[in-house]
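This is what each chain is made of:
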Amino acid sequence: MTDSPTAFFTASTHERPSERAYAVNLDSQSPLKTRSLFQIPDRATVRSAARPTQPPHPTLADDTEPSLYFAGNSLGLLPLPVQTALHTELQTWGQRGVLGHFSHPSHHPWVTVDDNARHLLSPLLGSLPSETAIMGSLTSNIHLLFAGFYKPTPQRFKIIMEKGAFPSDRYAMLSQIEHHGLNPVDVLVEVTPAPGEKTISLDQIKRAIDHHANETAVVFFGGVQYLTGQVLDMASITAYAKHKGVPYVGFDLAHAVGNIPLELHAWNVDFAAWCSYKYLNAGPGGIAGIFVHEANKDVTPGFRGWWGHETGTRFEMTGEFVGEEGAGKWRLSNPSVVDVVALEASLRVFKEAGGIQTVREVGKRLTAYLEHLLLTRFPVEEEGGERPFEIVTPEAPWRGQQLSLRWKEGGVEELEKRLFREGVVVDTRRPDVVRVSPAPLYNSFADVWDFVDALKKVVDAEKKQ
Ligand SMILES: Cc1ncc(COP(=O)(O)O)c(C=O)c1O
């Protein structure tokens, strides 16, 4: 990423990007009208996070105003339709008990409750509905997928991933390797950024594949890197690995789904897993999912459960497993209905917004505006020192709706507290990274302007102390 501010233009405005009116104007032109469908925590609540053990201070004039919430990459906000959907489902449970499994007032009996969510999610993944299953949680799904796709032999046993992957992914890989009685030192190939670089390049990934292709069983990367916000070229990684004879390529899409458009089927990705509580806004710990390419219909799940049995004969209870078509056979248990309907309701918001392409288009502009304001409000040549952070996220298109700021002096915990006091929520990773994510479904351009303004005030106040 360059460190000089890029110009940020729109056609029809007289204001300059540095003025708040410019941001308000951009909001009025935005095709997204979904902000009002979300509950945005108020400032008082966010302020209280800065001093959890102290009594509330006198109410400030703007305490009931919405906070500046920029942590959608960690936990997406509550879509109001989710509340309604949950309430309806609880009513059905109360009124019908077990009958709700097969007879339901909203025509989605619990036995096939995940069908709607699967169909709504597929356009975001670029998958066939039959390649998509709604199930479990991210880390356990990674394990389940590896139990089917990772079958090491003396010739092919390596896993290529990145160094600095989300810890759960690394733990999953280490435990999978150990489960097969192998030594991670011989098996795990971890690609690191080149010296002086902030992120890994496609060339480095290709070099690792070149070097280890003949012994590699699986290539597995995060589609969007959780800490830097880098979007990996999933199409090229998949094509290259397969061209070199690697049998399977998979992705962790925790930070990708709902953030950037995906084409998993067309890219020939073999398998993928994600969670739904970030950009999909399906709620804390919400139900996750998997993608298994139809070309892998003969890959046998390493573990089986009754919910993977074909739906039509599941209740015949023969005890002889007949797998559901497609990704459905990887399911183990009947899914949590409240989780599934929450996901379904949150996915309907994407549909109402015009789909992931529209969300992405607005997201690109929001992120570019955030970048522009950060670089112009914190100029390098500012009197009294240099910019206190560097942006480690790559330039568009290799980023989603997240900029990661590496704070040169560290101390992000204290910064986070100060931001809380201003009614701002960001996502910090000790010791020095602040992740700022403008989520297009509910963050406005005015939010972005207000955020950078608040950050500037906080940094300036700290300098004076
Ligand atoms: C990239 C990535 N992988 C794995 C996980 C772990 O997810 P879970 O706790 O839902 O298994 C997360 C959680 O944030 C993540 O960001």
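Residues numbered from 1 in each chain as written. Predicted model: local features only at pLDDT ≥ 70, side-chain atom pairs only at ≥ 80, totals over all residues. Heavy atoms only, no water.

An unreviewed UniProt entry annotates the protein chain as Kynureninase of Ascobolus immersus RN42. Recorded in UniProt for the protein chain, the comment headed Cofactor (unreviewed entry) runs: "pyridoxal 5'-phosphate". Comment text from UniProt for the protein chain, heading Function (unreviewed entry), reads "Catalyzes the cleavage of L-kynurenine (L-Kyn) and L-3-hydroxykynurenine (L-3OHKyn) into anthranilic acid (AA) and 3-hydroxyanthranilic acid (3-OHAA), respectively." (UniProt positions renumbered as here; feature names shortened; annotations may be inferred.)

Chemist: An account of the pairing of strand S8 (residues 248-252) is needed here, citing residue identities and associated values.
Modeler: Taking burial as the measure, the five residues of S8 include four buried ones, the bulk of the element. Bridging between strand S7 (residues 216-222) and S8 involves five bridges; their strand directions are parallel. Bridge pairing in S8 links Phe220 to Gly250. What joins S7 to S8 is helix H9 (residues 234-243), and the crossover it makes is right-handed. Where S8 lies against strand S9 (residues 271-274), three bridges are found, and the strand directions are parallel. Among the inter-strand pairings, Phe251 is bridged to a residue of S9, identified as Ala272. (Buried < 20%, exposed > 50% of the residue type's maximum accessible area, 1.4 Å probe, protein only. Helix = DSSP H or I, 4+ residues; strand = E, 2+ residues; numbered from the N terminus. Pairing = 2+ DSSP bridges. Right-handed = clockwise from strand over helix to strand, strands pointing away.)

Chemist: Before we move on, can you summarise the pairing of S9 with the specific residues and values?
Modeler: Burial along S9 is two-sided: Phe271 and Ala273 and Ala272 and Trp274, pointing in opposite directions, are all buried. In this structure, S9 lies alongside strand S10 (residues 289-292), joined through four bridges in antiparallel fashion. Residue pairing across strands places Phe271 opposite Val292, the latter belonging to S10.

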